[in-house]
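# Overview (structure and organization)
Given next are the chains, with one letter for each unit.
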Amino acid sequence: MAASPKKKQDTAPLNAEAWSEAALDLLATHGIDGVRIEPLAKRLSVTKGSFYWHFKDRNALHEKMLADWCRHTTLSLIERLDHNVSSPRLRLRKLLRLPLLGKRSQHAADVELAIRLWGRRDERARKALQEVDGHRLSYIEKLLAECGVPAGECAARAVLAYSYLRVAATLVAADATALMDTCEDLLIGPAASLFPQE
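Residues numbered from 1 in each chain as written. Predicted model: local features only at pLDDT ≥ 70, side-chain atom pairs only at ≥ 80, totals over all residues. Heavy atoms only, no water.

### Topic: the overall build of the chain
Along the chain, the regular secondary structure elements total ten helices and zero strands. What you see in the chain, going N to C, is helices and strands ordered as α-α-α-α-α-α-α-α-α-α. (Helix = DSSP H or I, 4+ residues; strand = E, 2+ residues; numbered from the N terminus.)

### Here's the deal with the pattern of salt bridges
If charged atoms from side chains of opposite charge come close, those side chains can pair. All told, the structure shown has 21 salt bridges when counted by the stated rule. Here Glu 63 makes a salt bridge to Arg 124, at a shortest N to O gap of 4.0 Å. Of this pair, Glu 63 sits in helix H4 (residues 58–84) while Arg 124 is found in helix H7 (residues 123–146), placing the two residues 61 residues apart along the sequence. Look at Glu 63 and you get partly exposed, because its relative accessible area is 46%. (Salt bridge = Lys/Arg side-chain N within 4 Å of Asp/Glu carboxyl O. Buried < 20%, exposed > 50% of the residue type's maximum accessible area, 1.4 Å probe, protein only.)

### As for the environment of Cys 70
Residue placement: Cys 70 occurs in helix H4. Residues Cys 70 and Leu 129, 59 residues apart in the sequence, show an inter-C-alpha distance of 8.3 Å. Aside from chain neighbours lying at most four places away, what touches Cys 70 is Leu 75, Glu 131 and Val 132. (Contact = heavy atoms within 4.5 Å.)

### Focus on the confidence of the model for the chain
Detail in the predicted coordinates should be disregarded across regions flagged by low pLDDT. For the chain, the mean per-residue pLDDT works out to 88, and 89% of the residues sit at or above 70. Ranking the helices and strands of the chain by mean pLDDT puts H7 first, with 97, and helix H10 (residues 191–194) last, with 47. In the predicted structure, residues 192–198 sits below a pLDDT of 50 and forms seven contacts with residues beyond four places in sequence or in another chain. (pLDDT = per-residue confidence, 0-100.)

### Let's talk about the nonpolar core
Leu 27, Val 35, Leu 40, Leu 61, Met 65, Ile 115 and Trp 118 are the most contacted members of the largest nonpolar core, which has 28 residues in total. Top element by residues in this core is helix H1 (residues 16–30). It accounts for eight residues. With near-sequence residues (within four places) excluded, Leu 27 lies in contact with Ile 32, Val 35, Met 65, Val 111, Ala 114, Ile 115 and Trp 118. (Core = buried A, V, L, I, M, F, W, Y, C linked by side-chain atoms within 4.5 Å.)

### Regarding helix H5 (residues 88–97)
Most of H5 sits inside the fold, with seven of its ten residues counted as buried. The set of residues buried in H5 consists of Pro 88, Arg 89, Arg 91, Leu 92, Arg 93, Leu 95 and Leu 96. Its side-chain oxygen placed 3.2 Å from the backbone nitrogen of Arg 89, Ser 87 serves as the N-cap of H5. (Polar contact = N/O pair within 3.5 Å; in protein donor to acceptor, adjacent residues only side chain to side chain.)

Now the structure itself:
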């Protein structure tokens, strides 16, 4: 007896966020040229008609991808850190360790790299990157100031800390906590030196 055709999975109807998330996954592995409607529909086990229910065209999907990426990787992250971690020093340390936290962090780094490559040839992606970089640098600078770093050093240290944040996962082993502590102390300043005895 012949096998019956594979049925589509019984899942909740797809929304625009599900399409965007799948597109960002595809972007991480295939670049922006690989983010096409047919492979996405196949990946999501739906027809292309589902795509057009949510988006006018690929450009609309690209805009949604960039907006979601900005919100999830920057704005929501800052909000979570501010809400869940009281000390600015601990918030900054937690932020600097994010790239070293496993598969999810690696995937986020892959998506970001793909967006940075896309931004070399697409104005929308370039603007999204400028916005995200600006938010992140401002946030790091604010945390450094709250940690007691002298005002004249905050902007430069924010650039150094952000650079570390972007490349640490390629240079530092996830279990090298002593090395991470030293790097963070150099970037933020040791806690004792920030609060000198009077």
